[in-house]
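# Tertiary structure, described
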2 protein chains.
Amino acid sequence: MRPFRLAVLVSGEGSNLQAILDSVHGREGIDVACVGASRPDARALERAREAGVPTGVFAASDHSDRAVRDEALAEFLIAHDVDLVVLAGFMELLDPAFVRRFDGRMINVHPSLLPAFPGVRAIEQALDYGVRVTGVTVHFVDEGVDTGAIVAQAAIELPYAPDIARVEEMVHAVEHRLLPEAIRLIARGGVRIEPAEPGARRRVNLEREPNGER
Amino acid sequence: MRPFRLAVLVSGEGSNLQAILDSVHGREGIDVACVGASRPDARALERAREAGVPTGVFAASDHSDRAVRDEALAEFLIAHDVDLVVLAGFMELLDPAFVRRFDGRMINVHPSLLPAFPGVRAIEQALDYGVRVTGVTVHFVDEGVDTGAIVAQAAIELPYAPDIARVEEMVHAVEHRLLPEAIRLIARGGVRIEPAEPGARRRVNLEREPNGER
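Per chain, residues are indexed from 1 in the order of the written sequence. Each chain gets a letter, beginning with A, and each ligand a number, beginning with 1, in the order they are written. At least 70 in pLDDT is required for a residue's local features to be given in this predicted model, at least 80 for side-chain atom pairs to be given and counted, and no such filter applies to totals for whole chains, interfaces and linings, which use all residues. Heavy atoms from the whole structure form the basis of all side-chain values; hydrogens and water molecules are not counted.

Moving on, we come to the overall build of chain A. Counting secondary structure elements, chain A contains six helices and nine strands. Every radius of gyration here is taken over C-alpha atoms, with the globule rule written as 2.2 Å times N^0.38, N being the number of residues. For chain A, whose C-alpha radius of gyration is 17 Å, the value lies close to the compact-globule estimate of 17 Å for 214 residues. For chain A, the C-alpha atoms occupy an extent of roughly 45 × 40 × 35 Å along the three principal directions. Burial classification: accessible surface area is computed with a 1.4 Å probe over protein chains only, and a residue below 20% of its type maximum counts as buried, one above 50% as exposed, and the rest as partly exposed. Burial analysis of chain A (214 residues in total) assigns 49% to the buried set. Put simply, of all contacts in chain A between residues at least 6 apart along the chain, 60% involve residues at least 24 apart. Comment: elements are numbered from the N terminus, with helices defined as DSSP H or I runs of at least four residues and strands as E runs of at least two. Contacts are assigned to residue pairs with any non-hydrogen atoms lying within 4.5 Å of each other.

Written as structure tokens, this is what we have:
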């Protein structure tokens, strides 16, 4: 049986990529088919090579504009025949045409309980606001900023007098668990975005168990 | 020793008032000193009378405008020498002058993880958005809509295919635990709003234990 093929897009350290390589890659019929980076010096590229996964670098500076860069990235993903694109610390905006092309087949992990604190520096935003609970969201990518349909969320109760470095650690630990869970759920066909009707309740349907009833 | 005196403001059923009467009133040096209602037919008024707590009705229709109604309400609260005003399902806007008068001495319980889903119908807003985690917030009341400094939050993981009636039950059960917790914390002096400086991180300081270190 053909495996479910992932692309993982990264910009930096790649700790979420590492979690995927360690807990998803080569298991339950799921393979990381390729890793794309927005920077040639991303540490994540080394992690991919160590795992024997093909890599590509798609730096904005190597292309005339973002749309051209994203076109090259799309060709790379299609050449690797991927079923799902995972943004795992990919720090650059993607062209709307790219986003539409992978509609319903691209997810992102965001370090807050969306819709609270979208955009950059989400952990800092949450601490500045003074929340007592934050968390992590895995969502489909649409053309908005962190506005796509939610696949999975997990909450984190903050310690008293939270220190940002400690909260970042807690958030990353939850990301490393939640993103692989969401990928496994999608890979086994357990997620379906309901048709978006104007004004209708937006729902991502999830099965409770593999092959189980909802 | 003089008890810490609460006023509870209500509009309807009063299930949060009941939780306060059952788990806070007359314990740990805390008394519910009075209950104010925005409607004469609020079931909460019966609950207060059954507990022997003085009540007052402050219906907007009995006064020439909101400011006059809120002035009468403020006099009622001051006559009962209250230390903390608790909005527990109080469904009406309060005049800014009233809010300023009780600045740092008035809290509200809101059925979402603020800043997500402020305002009315928060549970429905959250389900419409498609969140997988929601919760409850207790916050100080300021002049905005559910924007005041957060005292306590608790998260709720939603069941698959959540049914709004079931989610409302879950949220109310958490409110009945969290609001008394927040009141006890404030009553024992465990909460302090840090001076708001422009651009500074907003923080509510909380002690970890009664008389304990943070």
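Next comes the rest of the description.
Inspection of the secondary structure puts G190 of chain A in the loop between α6 (164-187) and β8 (191-193). As a C-alpha pair, G190 of chain A and V204 of chain A span 14 residues in sequence and 9.7 Å in three-dimensional space.

Residue and element names in this part refer to chain A. Strands are treated as partners if at least two bridges between them are detected by DSSP. Pairing is mixed in the open sheet, where seven strands are placed in the order β3-β2-β1-β4-β5-β6-β7. What marks the edges here is a single partner per strand, and that holds for β3 (55-57) and β7 (150-157). Averaged over all pairs of adjacent strands, the angle between strand axes in this sheet comes to 20 degrees, irrespective of strand direction. Each of β1 (4-10), β2 (30-37), β4 (84-87) and β5 (106-110) touches helix α1 (residues 15-23); the most contacted strand, β1, lies at about 160 degrees to it. Only the contacting stretch of a helix is used when fitting its axis, a line to C-alpha atoms as for every element, and angles between N-to-C directions run 0 to 180 degrees. Along the sheet, helix α3 (residues 66-79) makes contact with β1, β2, β3 and β4, crossing β2 at roughly 160 degrees.

When the parts of a complex come together, some accessible area is lost, and that lost area is often taken as the interface size. Residue and element names in this part refer to chain A. Domain boundaries assigned for chain A yield domain 1 (1-102) and domain 2 (111-214). Relative placement of domain 1 and domain 2: their C-alpha centres are 20 Å apart. On the domain 2 side, the residues contacting the 17 residues of domain 1 number 11 residues. For any pair of parts, buried area is found by adding up, for both, the accessible area (1.4 Å probe) each one loses once the two are put together. When domain 1 packs against domain 2, close to 1,300 Å² is buried across both sides, 73% of that on carbon and sulfur atoms. Basic side-chain nitrogens of Lys or Arg form a salt bridge, by our definition, when they fall within 4 Å of a carboxyl oxygen of Asp or Glu. For the pair domain 1 and domain 2, the number of links is one salt bridge. Here R100 ties to E143 by a salt bridge, and the two come within 3.2 Å at their closest N and O atoms. What qualifies as a polar contact is a pair of N or O atoms within 3.5 Å, subject to a donor-acceptor requirement within protein and to the restriction that residues adjacent in sequence count only when both atoms come from side chains. Seen at the junction of domain 1 and domain 2, the total is four residue pairs in polar contact (both at pLDDT 80 or more). When residues of the side of domain 1 that touches domain 2 are traced back to their parent elements, those giving at least two are β1, α1, β4 and α4 (96-101). Domain ranges listed in this record stem from an automatic or a database domain assignment.

The criterion is simple. A nonpolar core is a set of buried Ala, Val, Leu, Ile, Met, Phe, Trp, Tyr and Cys residues joined through side-chain atoms within 4.5 Å. Judged by nonpolar contacts, the single largest core of 104 residues is most densely connected at L6, V86 and I183 of chain A together with L6, V86 and I183 of chain B. Leave out the neighbours within four places in its chain, and L6 of chain B touches I20, V24, I30, D31, V32, A33, C34, V82, L84, V86 and I183 of chain B.

Residues and elements named next belong to chain B. For Phe, Tyr and Trp, where Trp contributes only its six-membered ring, two rings pair if their centres lie within 6.5 Å, and the inter-plane angle classes them as stacked under 30 degrees, edge-to-face over 60, or tilted in between. A complete count under the given rule lists six aromatic pairs over all chains for this structure. Ring geometry for F98 and F102: centres 4.9 Å apart, planes at 40 degrees, overall tilted. As far as the burial class goes, F98 and F102 line up, both buried.

Below, the discussion takes up helix α1 (residues 15-23) of chain B. Those residues of α1 of chain B not exposed but buried are N16, L17, A19, I20 and L21 of chain B. Tucked into the core, α1 of chain B has its buried residues touching β1 (4-10), β2 (30-37), α2 (43-50), β4 (84-87), β5 (106-110) and α6 (164-187) of chain B.

Bringing helix α5 (residues 122-129) of chain A into the picture now. Owing to its 3.6 residues per turn, the α-helix brings residues three or four apart onto one side. Taken residue by residue, α5 of chain A has A122, I123, A126, L127 and Y129 of chain A as its buried positions. The buried residues of α5 of chain A all sit within an arc of 160 degrees when viewed along its axis, so they share a single face. Contacts from the buried residues of α5 of chain A go to β5, β6 (133-140) and α6 of chain A together with β7 (150-157) of chain B. Positive phi shows up at G130 of chain A, right after α5 of chain A, with a value of about 90 degrees. What the arc measures is the spread of directions leading from the helix axis to the C-beta atoms.

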